[in-house]
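Single-letter residue listing:
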Amino acid sequence: MLSVVRRALPQASRSVSRGLQLQSARAFSGGLADQDRIFQNIYGEHDTSIKGAMKIGDYHQTDKIVQKGWQWIINEIKKSGLRGRGGAGFPTGLKYSFMPKNKPDNRPSYLVVNADESEPCTCKDREILRNEPHKLVDGCLIVGSAMLAKAAYIYIRGEYYEEYVALQRAVDEAYREGKIGKNACNSGYDFDVFVHRGAGAYICGEETAMIESLEGKQGKPRLKPPFPANVGLWGCPTTVTNVETVAVVPTICRRGGDWFSSFGRDGNKGTKLFNVGGNVNNPCTVEEELGVPMRYLIEKHGGGVKGGWDNLQAVIPGGVSVPMITAEMADKAVMDFDGLREFKSALGTGSM
Amino acid sequence: DSSTMAAALRGGLRRVATTMRSTSMQNLYPAMGVRQFRASNPAFAGAIYNHVDTPDNNADTPWDFTKENYDKIKEIVKKYPPNYKRSAVMPLLFLAQKQCEEMPEFGNSGWIPLAAMNKIAKVLDMPEMRVYEVATFYTMYNRTKIGKHNIQVCTTSPCMVRDAYGIIDALKAHLGIGVGETTPDGLFHLMEAECLGACCNAPMMQIAGPICNDAYYEDLTPESAIAIVETLRKGEAPKKGSQIGRHCSIGPNGKTVLTGEPQAPPCRDLDAC
């Protein structure tokens, strides 16, 4: 979120930027090419039904991917360097590998998808949920099979009613076409996907609070340990993961973890959906590679700051939970996890 | 040393005592020794946690789900493990709230009477208090009657910098009510909401009710917000989504990416790797 200045900035901010040192950034290659974008229909201009989704590659050879087994899938995700897109940026391959593979008491495992996008400034998951829901359903199946999970619960925030209708329609279509349910995609793996609506509580975006909410209680967070991968939903091993993280996994499996890690700097690999909002001329959602300079994102995709770059007062780079940065820092900032940590901020959800 | 410190402390205490007797403190504590009572802001839309019995909302009010809703409940409960039916309490509360919109004895307004919560407890075999806990925790459940159309304007930072308060002021002036109040004809209830997740289409509002069904109205100006309200007053459905013709989150100046046809990504030979 960007806000414009109404009066002259105090001089104190200069001393902050003088002390910072940028790590050497890989030369920015000028932005992603359209064929490298994972979300081809993020604006919903084309058919969002299962037919349209299959035309742009969803569910393609999902059965083969599932049959490759959990080790192969987790390995691909680890090779890709994917980090959680929900704000924390935890290495995804590592997180998914925490799920237990041997369960002596035969408790089922669950995948919970965090579609409770309540962070102010963030509206990226909304576009996936309403315009590309089949990427999410496909991802749920592949990630669920990588965790040996029985079912996925997509917890969508209550305020997103139209998005819930679109997502439920997509899940029903996928069941009808045999993509999920018994023998999902003819892979031999049984997997269910259910959509659960939240009811207006920001705290339910936290993983243990989400699990409490799914259990039909108040969404009050639990203590960790025990971690959800050991004791989660209804006492069963659970992983809570963001919509975007799950939705990019099928493409990573198809194109290869090496392809995904060809974008971005070390430790900050891949592409991401960014939101540019606030006082800009062209507020929008756009998919770019991690490591894109903030100024490029604001000027090229965001249409520039209202009243010109010099009118910029501050930028919140990743949802209001992350510290704000000044206009001088925004000039030099690079949108990835490490790039913003240098300015004592964080990438968060990548929504400005 | 300790004696100088003691002297400094005594001096400090004397200064504090003098300050307390000064006029600035007397403005805050006009009658020293008497605790002030201050009323908090009035609560709105079921924001108080305790239930207050009224003639049309008490444990004996007759309330039951319709036959169609019972069929829906059967489908909802199937989504959760059979021994954890209470997970269905949230969808059922929404169902009850939606059903009250069609019930004239509850004012054709979307809210959840106490009797409905008790019925849900019976249907799901759970103690009533557990249903009350859930109904009081989440903000979308109304426990008192509000207007037919619940206008929720987002005023969190991204919308606020794009003049969401201007929208609120325009609606307040037009409807003649304050935030958290219902119009005298019972048609509109106005409230501020926390981030509704449409930050690229700021400022925006969500309207709950029988015609709008929680739709978003985005890219508002004070004039377009008032136009939406007037369309609702006539009983027609306003245009959903962006009010300035944007498609989803494509910027007002047009797309900067994905200008061609969508392409399926190449899939490598999965047998080989």
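Residues numbered from 1 in each chain as written. Chains lettered and ligands numbered in written order. Predicted model: local features only at pLDDT ≥ 70, side-chain atom pairs only at ≥ 80, totals over all residues. Heavy atoms only, no water.

### A look at the overall build of chain B
Working step 1: A count of helical and extended segments in chain B gives nine helices and five strands.
Working step 2: Helices and strands appear in chain B in the N-to-C order α-α-α-α-α-α-β-α-α-β-β-β-α-β.
Working step 3: Counting over 273 residues, chain B shows a buried share of 45%.
Working step 4: A separation of at least 24 residues holds for 61% of the contacts in chain B among residues at least 6 apart in sequence.
Working step 5: Total accessible area on chain B stands at roughly 14300 Å², and carbon and sulfur atoms take up 56% of it. (Helix = DSSP H or I, 4+ residues; strand = E, 2+ residues; numbered from the N terminus. Buried < 20%, exposed > 50% of the residue type's maximum accessible area, 1.4 Å probe, protein only. Contact = heavy atoms within 4.5 Å. Areas by Shrake-Rupley, 256 points an atom, 1.4 Å probe, with all protein chains shown as cover.)

### Some thoughts on the interface of chain B and chain A
Many structure descriptions define interface size as the accessible area lost when the parts assemble.
Working step 1: In this assembly, 63 residues from chain B lie in contact with 84 residues from chain A.
Working step 2: Together, the buried faces of chain B and chain A total about 5900 Å²; carbon and sulfur atoms form 56% of this surface.
Working step 3: One salt bridge in this structure joins Glu162 of chain A and Lys240 of chain B, with 3.4 Å as the shortest N-O distance.
Working step 4: The interface formed by chain B and chain A holds 35 residue pairs in polar contact (both at pLDDT 80 or more) in total.
Working step 5: Listing elements by their share of the side of chain B that touches chain A, those giving two or more residues are helix H4 (89-100), helix H6 (128-137), helix H7 (157-160) and strand S4 (215-218) of chain B.
Working step 6: Within the side of chain B that touches chain A, the residues separate by chemical class into 33 nonpolar, 18 polar and 12 charged. (Buried area = accessible area lost by both parts, 1.4 Å probe. Salt bridge = Lys/Arg side-chain N within 4 Å of Asp/Glu carboxyl O. Polar contact = N/O pair within 3.5 Å; in protein donor to acceptor, adjacent residues only side chain to side chain. Nonpolar A, V, L, I, M, F, W, Y, C, P; charged D, E, K, R; others polar.)

### Let's talk about unusual backbone geometry
Working step 1: In this structure, Pro225 of chain A follows Lys224 of chain A across a cis peptide bond, with omega equal to 5 degrees.
Working step 2: Tracing the chain through its elements places Pro225 of chain A in the loop between helix H9 (207-214) and strand S5 (238-242).
Working step 3: Note the cis peptide between Pro225 of chain A and Pro226 of chain A, where omega equals 5 degrees.
Working step 4: Even without being a glycine, Asn213 of chain B presents a positive backbone phi close to 55 degrees.
Working step 5: Under the relative-accessibility criterion, Asn213 of chain B is labelled partly exposed at 26%.
Working step 6: Phi is positive for Asp219 of chain B, which is not a glycine, with a value near 55 degrees.
Working step 7: Assignment of secondary structure puts Asp219 of chain B in the loop between S4 and helix H9 (222-233).

### With respect to the sheet that holds strand S2 (residues 188-193) of chain B
Adjacent strands of a sheet pair through backbone hydrogen bonds, lying either parallel or antiparallel.
Residues and elements named next belong to chain B.
Working step 1: Strand order in the open sheet formed by five strands is S2-S1-S3-S4-S5, with mixed pairing between adjacent strands. Strands with a single pairing partner mark the edges of an open sheet, and in this sheet they are S2 and strand S5 (241-242).
Working step 2: Relative to S4, strand S3 (residues 205-208) is paired through three bridges, and the arrangement is antiparallel. Residue pairing across strands places Met205 opposite Tyr217, the latter belonging to S4.
Working step 3: Those strands touched by helix H8 (residues 164-175) are strand S1 (149-154), S2 and S3, and its axis lies near 150 degrees from that of S1. (Pairing = 2+ DSSP bridges. Axes fitted to C-alpha atoms, helices over the stretch in contact; angles between N-to-C directions.)

### Concerning the confidence of the model for chain A
Working step 1: In the predicted model, chain A carries a mean pLDDT of 90, and the fraction of residues at 70 or more is 93%.
Working step 2: The low-confidence segment residues 6-25 of chain A, where pLDDT is below 50, has 19 contacts with residues more than four positions distant or belonging to other chains. (pLDDT = per-residue confidence, 0-100.)

### Regarding the packing of helix H6 (residues 124-131) of chain A against helix H10 (residues 243-255) of chain A
Residues and elements named next belong to chain A.
Working step 1: H10 packs onto H6 with a crossing angle of 50 degrees between their chain directions and a minimal axis gap of 9 Å. With respect to H10, the axis of H6 lies oblique. Seen from above, H6 lies across H10 with left-handed handedness. Across the interface between the two elements, Lys124, Asp125, Ile128 and Leu129 of H6 pack against Val243, Glu244 and Ala247 of H10.
Working step 2: For the contact of H6 with H10, a count of residues per class yields four nonpolar, no polar and three charged. (Parallel < 35°, antiparallel > 145°, perpendicular 65-115°, else oblique. Left-handed = near helix turned anticlockwise from the far one by under 90°.)

### Quick look at the sheet that holds strand S4 (residues 192-197) of chain A
All names here are of chain A.
Working step 1: As summarised here, the arrangement of the four strands in space is S4-S3-S2-S5, forming an open sheet in which the pairing is parallel. Here the strands that pair on one side only, and so sit at the sheet edges, are S4 and S5. When the angles between neighbouring strand axes are averaged without regard to direction, this sheet yields 25 degrees.
Working step 2: Two strands pair when backbone bridges link them, and strand S2 (residues 109-115) and S5 are joined in this way by five bridges, in the parallel orientation. Pairing of Leu111 across the sheet is with Thr239, part of S5.

### A short note on the pattern of salt bridges
Working step 1: One pass over the full model with this rule turns up 39 salt bridges over all chains.
Working step 2: Taking the shortest distance from any N to any O, the salt bridge between Glu45 of chain A and Lys255 of chain B comes out at 2.6 Å. Linking Glu45 of chain A in the loop between helix H1 (13-18) and helix H2 (50-55) with Lys255 of chain B in the segment after S5, this pair reaches from one chain into another.
Working step 3: We classify Glu45 of chain A as partly exposed; its relative accessible area is 39%.
Working step 4: The closest approach of N and O atoms between Lys124 of chain A and Asp125 of chain A, which form a salt bridge, is 3.0 Å.

### Observations regarding the layout of surface pockets
Residues and elements named next belong to chain A.
Working step 1: In this structure, the second largest pocket occupies an estimated 1100 Å³ of space.
Working step 2: Around the second largest pocket, the lining is made up of 46 residues, and of these Gly86, Gly87, Ala88, Lys95 and Gly205 lie nearest the centre.
Working step 3: Those elements that place two or more of their residues in the lining of the second largest pocket are helix H5 (92-97), H6, S5 and helix H14 (337-341).
Working step 4: Considering each element in turn, the lining of the second largest pocket owes the most residues, five residues, to S5.
Working step 5: Residues that form the lining of the second largest pocket fall into these classes: 14 nonpolar, 20 polar and 12 charged. (1 Å grid on protein atoms, 1.4 Å probe; cavity = no way out; pocket = protein on both sides within 12 Å on 5 of 7 lines; lining within 4 Å. Points joined across faces, edges and corners; volume = space filled by probe spheres on them.)

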